[in-house]
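Coordinates in review
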Amino acid sequence: MKKLINDPQTVVSESVEGFGLAHADVVAVHLDPTFVARAGGAVPGKVGLVSGGGSGHEPLHAGFVGVGMLDAAVPGPVFTSPTPDQIAPAFAAADGGAGVLAIVKNYTGDVLNFETAAELAEADGITVRTVTVNDDVAVEDSLYTAGRRGVAGTVAVEKIAGAAAERGDDLDAVVAVAERVIANVRTMGVALTACWVPHAGKPSFDLPEDEIEIGIGIHGEPGRRRIPLASADEITELLLTPVADDLGLTGGEKVLLLVNGMGGTPASELYVVYRQARRLLEARGVEVTRSLVGNYVTSLEMQGASVTVLRLDDELTALWDAPVHTAALRW
Amino acid sequence: MKKLINDPQTVVSESVEGFGLAHADVVAVHLDPTFVARAGGAVPGKVGLVSGGGSGHEPLHAGFVGVGMLDAAVPGPVFTSPTPDQIAPAFAAADGGAGVLAIVKNYTGDVLNFETAAELAEADGITVRTVTVNDDVAVEDSLYTAGRRGVAGTVAVEKIAGAAAERGDDLDAVVAVAERVIANVRTMGVALTACWVPHAGKPSFDLPEDEIEIGIGIHGEPGRRRIPLASADEITELLLTPVADDLGLTGGEKVLLLVNGMGGTPASELYVVYRQARRLLEARGVEVTRSLVGNYVTSLEMQGASVTVLRLDDELTALWDAPVHTAALRW
Amino acid sequence: MRVDVTWATAWVRGSARTVFEHRVAHIALDRQIGDGDHGENLARGFTAVLARLDALETAPGDIGEVLRLVATTLMSTVGGAAGPLYGTAYLRAAKVTGFPELDSAGVVAMLEAGLEGIVVRGKASPGEKTMVDAWTPAVAAAVAAAAAGAEPDGVLAAAAQAAEAGAVATIPLLATKGRASYLGERSIGHQDPGATSSALILHEAAVAAAGRAG
Amino acid sequence: MRVDVTWATAWVRGSARTVFEHRVAHIALDRQIGDGDHGENLARGFTAVLARLDALETAPGDIGEVLRLVATTLMSTVGGAAGPLYGTAYLRAAKVTGFPELDSAGVVAMLEAGLEGIVVRGKASPGEKTMVDAWTPAVAAAVAAAAAGAEPDGVLAAAAQAAEAGAVATIPLLATKGRASYLGERSIGHQDPGATSSALILHEAAVAAAGRAG
Ligand SMILES: Nc1ncnc2c1ncn2[C@@H]1O[C@H](COP(=O)(O)OP(=O)(O)O)[C@@H](O)[C@H]1O
Ligand SMILES: Nc1ncnc2c1ncn2[C@@H]1O[C@H](COP(=O)(O)OP(=O)(O)O)[C@@H](O)[C@H]1O
Ligand SMILES: [Mg+2]
Ligand SMILES: [Mg+2]
Ligand SMILES: [Mg+2]
Ligand SMILES: [Mg+2]
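All values derive from a computational prediction rather than experimental measurement.

Let us look at the interface of chain B and chain C. In this assembly, 42 residues from chain B lie in contact with 31 residues from chain C. Carbon and sulfur atoms supply 49% of the area that chain B and chain C bury against each other, a total of about 2,700 Å² over both sides. Counting across the interface, chain B meets chain C through four salt bridges. For C:Arg31, the salt bridge is made with B:Asp206, and the minimal N-O distance between the two is 3.2 Å. At the junction of chain B and chain C, the tally comes to 17 residue pairs in polar contact (both at pLDDT 80 or more). Residue composition of the side of chain B that touches chain C, by class: 15 nonpolar, 15 polar and twelve charged.

Contact with chain B, which involves 51 residues of that partner, is made by 51 residues of chain A. Roughly 4,500 Å² of surface becomes buried between chain B and chain A when both sides are summed, with 58% attributable to carbon and sulfur atoms. On inspection of chain B and its partner chain A, the count reaches seven salt bridges. The salt bridge partner of A:Arg275 is B:Glu17, with a shortest N-O separation of 3.0 Å. Here chain B and chain A share 26 residue pairs in polar contact (both at pLDDT 80 or more) between them. Counting residues per element, the ones that place at least two in the side of chain B that touches chain A are α1 (11–22), β9 (211–214), α6 (232–247), α7 (267–283), β12 (287–294) and β13 (304–311) of chain B. For the side of chain B that touches chain A, the element with the most residues is α7(B), which contributes ten residues. Its residues assigned to classes, the side of chain B that touches chain A comprises 24 nonpolar, 13 polar and 14 charged.

Residue and element names in this part refer to chain B. In space, the six strands of this open sheet follow the order β1-β2-β5-β3-β6-β7, with mixed pairing throughout. Looking at which strands have only one partner, the edges of the open sheet turn out to be β1 (27–31) and β7 (128–133). For this sheet, the mean angle separating the axes of adjacent strands, direction not counted, is 20°. One ladder, built from four bridges, connects strand β3 (residues 48–55) with strand β6 (residues 100–105); its direction is parallel. Bridge pairing in β6 places Val-50 opposite Ala-102. Across the face of the sheet, α1 comes into contact with β1, β2 (34–38), β3 and β5 (72–78) while running at roughly 155° to β1. Against the sheet, helix α5 (residues 171–184) touches β3, β6 and β7, its axis set at about 5° to β7.

Turning to the site of ligand 2, a few remarks are in order. Around ligand 2 sit 21 residues in total, of which D:Asp35, D:Asp37, D:His38, D:Ala81 and D:Asp192 are the nearest. Mapping the residues near ligand 2 onto chains gives chains A and D. At a separation of 2.9 Å, an oxygen atom of ligand 2 approaches a polar side-chain atom of D:Asp37. D:Gly122 is positioned such that a nitrogen or oxygen atom in its backbone is 2.9 Å from a nitrogen atom of ligand 2.

It is worth spelling out the coordination of the magnesium ion (ligand 6) at this point. By definition of the ideal shapes, a tetrahedral metal site with four donors has angles of 109.5 degrees and an octahedral site with six donors has angles of 90 or 180 degrees. Residue and element names in this part refer to chain D. Taken together, the protein donors to the magnesium ion (ligand 6) comprise Asp-30 (OD), Asp-35 (OD) and Asp-37 (OD), at separations of 2.0 to 2.1 Å. Positions of the donor residues of the magnesium ion (ligand 6), expressed as sequence spacing, correspond to D-x4-D-x1-D. The distance between the magnesium ion (ligand 6) and the magnesium ion (ligand 3) comes to 3.5 Å, and Asp-35 binds to both of them. Taking relative accessible area as the criterion, Asp-30 reaches 8% and is therefore assigned buried. Since its relative accessible area comes to 5%, Asp-37 is described here as buried.

What follows covers the arrangement of the chains. Once contacts are tallied for each of the three pairs of chains in contact, the highest total is for chains A and B. Separating chain B from chain D is a minimum C-alpha gap of 18 Å, and the two share no contact.

A few words on the pattern of salt bridges. With the rule as written, the count across this model stands at 67 salt bridges over all chains. Between B:Glu301 and B:Lys3 there is a salt bridge, and its shortest N-O distance comes to 2.5 Å. Remark: B:Lys3 occurs in the segment before α1 and B:Glu301 occurs in the loop between β12 and β13; sequence separation between them is 298 residues. A single burial state applies to B:Glu301 and to B:Lys3, both of which are buried. Across the salt bridge formed by D:Arg23 and D:Glu40, the nearest N and O atoms sit 2.9 Å from each other. Of this pair, D:Arg23 sits in helix α2 (residues 23–33) while D:Glu40 sits in helix α3 (residues 38–55), and the two are 17 residues apart along the sequence.

All right, on to the site of ligand 1 then. Every one of the 21 residues lining ligand 1 counts as a neighbour, but C:Asp35, C:His38, C:Ala81, C:Asp192 and C:Gly194 are closest to it. Ligand 1 is flanked by residues contributed from chains B and C. Here C:Met131 contributes a backbone N or O atom positioned 3.0 Å from an oxygen atom of ligand 1. The separation between an oxygen atom of ligand 1 and a polar main-chain atom of C:Gly194 is 2.9 Å. Here ligand 1 loses 96% of its free accessible area of 560 Å² to cover by the protein chains. Contributions of two or more residues to the shell around ligand 1 are made by α3 (38–55), α5 (82–95) and α9 (193–213) of chain C. For the shell around ligand 1, the leading source of residues is α9(C), giving three residues. Its residues placed into classes, the shell around ligand 1 shows seven nonpolar, eight polar and six charged.

All right, on to the side chain of B:Ser299 then. Residue and element names in this part refer to chain B. The topology assignment puts Ser-299 in the loop between β12 and β13. Using a relative accessible area of 0% as the deciding quantity, one classes Ser-299 as buried. When near neighbours in sequence (up to four residues on either side) are disregarded, Ser-299 contacts Gly-56, Phe-79, Cys-195, Gly-217, Ile-218, His-219, Gly-220 and Met-262.

Distances from the magnesium ion (ligand 4) to its protein donors, namely B:Phe79 (O), C:Asp35 (OD) and C:Asp37 (OD), fall within the range 2.1 to 2.6 Å. For the pair the magnesium ion (ligand 4) and the magnesium ion (ligand 5), the metal-to-metal distance amounts to 3.5 Å, and C:Asp35 bridges them. Of this pair, B:Phe79 sits in the loop between β5 and α2 (84–94) while C:Asp37 sits in the loop between α2 (23–33) and α3, on two different chains. Neither B:Phe79 nor C:Asp37 differs from the other in exposure class; each is buried.

What follows deals with the packing of aromatic side chains. A complete count under the given rule lists 14 aromatic pairs over all chains for this structure. Centre to centre, the rings of A:Phe19 and B:Tyr271 are 5.2 Å apart; their planes meet at 75°, and the pair counts as edge-to-face. Note that A:Phe19 is positioned in helix α1 (residues 11–22) and B:Tyr271 in helix α7, a pairing that runs across two chains. The pair formed by A:Phe19 and B:Tyr271 is uniform in burial state, with each residue classed as buried.

A word on the relation of the copies chain B and chain A. Two chain copies here: they are related by a rotation about an axis and a translation along the same axis. Aligned on chain A, chain B shows an RMSD of 0.0 Å; the corresponding rotation is 180° and the shift along the axis is 0.0 Å. Here the symmetry operator amounts to a two-fold rotation axis. Closest to the rotation axis within chain B is the C-alpha of B:Gly264, separated from it by 2.1 Å. When the interface residues of chain B are mapped onto chain A, 100% of them again fall at the interface, so both copies present the same face.

Here the focus is helix α3 (residues 108–123) of chain A. All names here are of chain A. Under the 1.5 Å per step criterion, the end-to-end length of α3 is 23 Å for 16 residues, consistent within 8% with the ideal 22 Å. Turning to α3, its buried residues number three or more, namely Gly-109, Asp-110, Leu-112, Asn-113, Phe-114, Thr-116, Ala-117, Ala-118 and Ala-121. The positive-phi residue at the C-terminal boundary of α3 is Gly-125, with phi of around 85°.

Bringing the sheet that holds strand β2 (residues 34–38) of chain A into the picture now. All names here are of chain A. The six strands are arranged β1-β2-β5-β3-β6-β7 in an open sheet whose pairing can be described as mixed. Of all strands in the sheet, those bounded by a partner on one side alone are β1 (27–31) and β7 (128–133). Going across the sheet, the axis of each strand differs from the next one's by a mean of 20°, ignoring polarity. Inspection of the sheet shows strand β6 (residues 100–105) paired to β7 by six bridges, in the parallel sense. The residue bridging Val-100 from the neighbouring strand is Val-128, located in β7.

Moving on, we get to the confidence of the model for chain C. Scored by pLDDT, chain C has a mean of 95; 98% of the residues are at 70 or more. This prediction of the complex comes with two scores: 0.93 for pTM and 0.91 for ipTM.

Mapped onto the elements of the fold, A:Gly223 is located in the loop between β9 (211–214) and β10 (225–228). For A:Gly223, a relative accessible area of 0% corresponds to the buried category. When the C-alpha positions of A:Gly223 and A:Gly251 are compared, they lie 29 Å apart, and in sequence the two are 28 residues distant. Discounting chain neighbours no more than four positions away, the residues touching A:Gly223 are A:Glu213, A:Ile214, A:Gly215, A:Ile216, D:Leu183 and D:Arg186.

Criteria and cut-off values
- Residues numbered from 1 in each chain as written.
- Chains lettered and ligands numbered in written order.
- Predicted model: local features only at pLDDT ≥ 70, side-chain atom pairs only at ≥ 80, totals over all residues.
- Heavy atoms only, no water.
- Contact = heavy atoms within 4.5 Å.
- Buried area = accessible area lost by both parts, 1.4 Å probe.
- Salt bridge = Lys/Arg side-chain N within 4 Å of Asp/Glu carboxyl O.
- Polar contact = N/O pair within 3.5 Å; in protein donor to acceptor, adjacent residues only side chain to side chain.
- Nonpolar A, V, L, I, M, F, W, Y, C, P; charged D, E, K, R; others polar.
- Helix = DSSP H or I, 4+ residues; strand = E, 2+ residues; numbered from the N terminus.
- Pairing = 2+ DSSP bridges.
- Axes fitted to C-alpha atoms, helices over the stretch in contact; angles between N-to-C directions.
- Near = heavy atom within 4 Å.
- Donors = N, O, S within 2.8 Å, 3.2 Å for Na, K, Ca; no water.
- Buried < 20%, exposed > 50% of the residue type's maximum accessible area, 1.4 Å probe, protein only.
- Areas by Shrake-Rupley, 256 points an atom, 1.4 Å probe, with all protein chains shown as cover.
- Phe/Tyr/Trp six-rings, centres within 6.5 Å; stacked < 30°, edge-to-face > 60°.
- Least-squares fit on C-alpha atoms with pLDDT ≥ 70 in both.
- Expected span 1.5 Å × (residues − 1).
- pLDDT = per-residue confidence, 0-100.

Right under this line is the structure:
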């Protein structure tokens, strides 16, 4: 595996530095400890939104820092949660006096490190509330796991909660909106290839040329099961069905459909998946009123995709449509 | 090589169909013959912009159809120029009575098919002017080739000429702006891996684990030379130096810096390249005043990147900054 | 022996067959010095040609009609460089073959018109490693054979043989036109895909004429 | 024989060495049922620990001071699940070791506090295929050894041996906590990386005590 990097040890800091240079109109990068804040600093009186997690999922999270979305993002090492001493200063940078919402993907590492950071920040007088994104329906029986994982649905949580904060909602209200998104968003993913963590020198798992992994997360871990390679339409059905079932979509609903690339899959293939996901939803009587297709929550150069459905109501739709100006999402 | 497709024969039409469904607010897709037009049709009195070429370079070109950029895009089969019977109707769809500018990447196939289509359109009373993008400095001695290739610089030509058309420039003026961009934009690319054309069943070239191709085009063809894998900083220097030299950048210039992914390279690596390209430009006394980093002109799932520099003046900068609303570029 | 409208149809069907048979081989050649689609492009084109041929309600009245059908079909389905080049070749050839039957001079005129079409569109000279390097010797050989008194089928056989030799002779050439030119020195040592397909198609013209004779 | 501040420093340096040596092995284990970073995470953490230890201007006064340095360093450099878990373990252990030297009861208290820290943070029970499955038998063995009258080094040796056995015993377990739990049945048959590194680190505690004795 070849990578356009200088050194596995410095790839995150160099990449974040480059990101800051390229998007100086939107973000300000802090390098020691590493976090990315909204250009211009915290907005007084506005609830601050902070997210973070391991690197390797770009544009998540730094690509979503900016007006109408996050106030700060905290990138850890590749696929490894950041540490409290990075997260706590990001909380401080995001706090405009109205408190901070931490959006945490449900992984033990992220949960524990954000929890510790919140304790540190609270000790400094910053109010921190946390929501945990757990949209991955691949993890079926969450009684026997650390709960469902947080994957591509995170984008919807960050966008919509970000819009709520931007319009002036207080912390309780922003938390409530975020929780409503979390309650209504589900995702399932597939890997055609593994990815290569820079320092590992090996693919994250071994997958024969004629097999794929269904029910993957976003850390290059293997999925729930391995099946023979199938057509895009068949694979899309394997992803969409549990998502739609888990949401209990029976017809008449309006939804956002997000087809997310894992990093190494061409856009053309994502649109083939989108086409079929949309047909399947329509066959259920579900109306796709908002769409997003592209690489938003990735696993380095992994080939694969995930299908996310968010059940919309008028308010969630309006918040989704609200202006956003970040490096990776803008309208 | 595994692909998220149903059938190599239908991948382009299914993908374009999905694209049209996902972006119905911006585009209208025509399927037989296949082209993508701006939603709402031609704008009366506005110069129409049409581009196109083989598929596999997404988001180019369909992703750039919309307000402030293209009026129509014509996708051929993967890496194969579209045919005149697709292009001519796209010309007609884009014509608002002020004539049409065809933006053609300099490949024999594209040039010949657009030429024939222009003849057909002219016969129907549509004025068509053509500009040929040839930004690839990898093709050093264009006396002994079909001229330099058109690669990632195409995005800048389409964006800036699109803004000129949108503000009401007439056909001559839009042609002049497009030519000015073409005269001031240069690109060079690298491949870490080959790509796989869906119907070919083989990689587009064979590349050992410890070598890379310097001076590639965007059709999965081998580059000008093969070198051992090097660090991102070294590779970036190999790309940027001929670009800056060919532009004759000696210091004091303002430029747009575009680091373009070939499809399979993670965003994090593109920012590592961006960081070094920017440092090298600054070391030359060149000021990077505009930036773009991401997958804009791709080669399917190829891993690699290209570095594009556009010398800016105040007018080109203002046109770059002008509003754009397409599937892949929006501000 | 007769180079007539039946021959023309047989030639086109033979061309389709050879293009399908050599699909992978053409892809492999184009993968070396181009973008790997030449075999796919031609297969797509000739699939459409056969479909349109089969869909005709009345049989074509003359050779030119058959070649015009091929020309417009290839133009609108092949794409790439080969589409307009082959399309123009057949179109030009159609213009000089509006007859039920061709004599040797007529065959020469047809081949000359085809080459002219390719050159007008592509502006390549001989030696630039393109399909021109198959067509140029083919026309020269046809002229010579006709001057030496060969029958139409003999003229086509001479052209086919020369085209084949011309295609092979592209191997050592440095490409200076088309996509292969971007490779510079690295284009040397590979046979040009378009010259190769041209030789195969001209071979089918001779086979169709010989088959009629046998 | 003495479990004192010199022992603590030796333990930490030994832990660093074993973490560096097993970096690839831990990555390989975590690659099977996690995300392949456990070896990298711990190596990064202990590199920082050594750096801070070397940068100290005055030698640490007691065991607790050493363990507190390890706790805060791991907390701020390891990340992932292991960072807060190990960090809290050392932090809790530091709270009960603010002495120049520990007797057998003190060693037991230290290990109990460490385990408690892991459980408080991670909320895992024994049998969930986590580092708890190394620490729980280690504490039990330490308690038993101390009750049987073992010296501090003997208590640590008993704990290390039990931790090692506990780590191996995670192989047949189904993970229900941490990242491996997402694999469901597929987590069975692999040794837990965190239990493995825990056993190695506890082994170094025993080695450091034995080394002092020898
Ligand atoms: N300017 C030209 N004149 C004549 N033939 C050309 C020219 N450019 C390319 N060709 C021919 O076209 C062939 C490539 O066709 P094809 O692969 O179908 O198109 P593309 O190069 O667009 O992928 C080459 O092998 C060459 O024979
Ligand atoms: N809830 C938990 N309680 C105790 N230990 C846990 C828990 N979750 C995970 N672990 C331990 O953490 C180890 C993984 O650490 P590491 O790979 O560094 O972090 P991550 O899982 O975030 O990548 C597991 O092998 C397991 O021993
Ligand atoms: Mg991790
Ligand atoms: Mg082609
Ligand atoms: Mg080709
Ligand atoms: Mg791990």
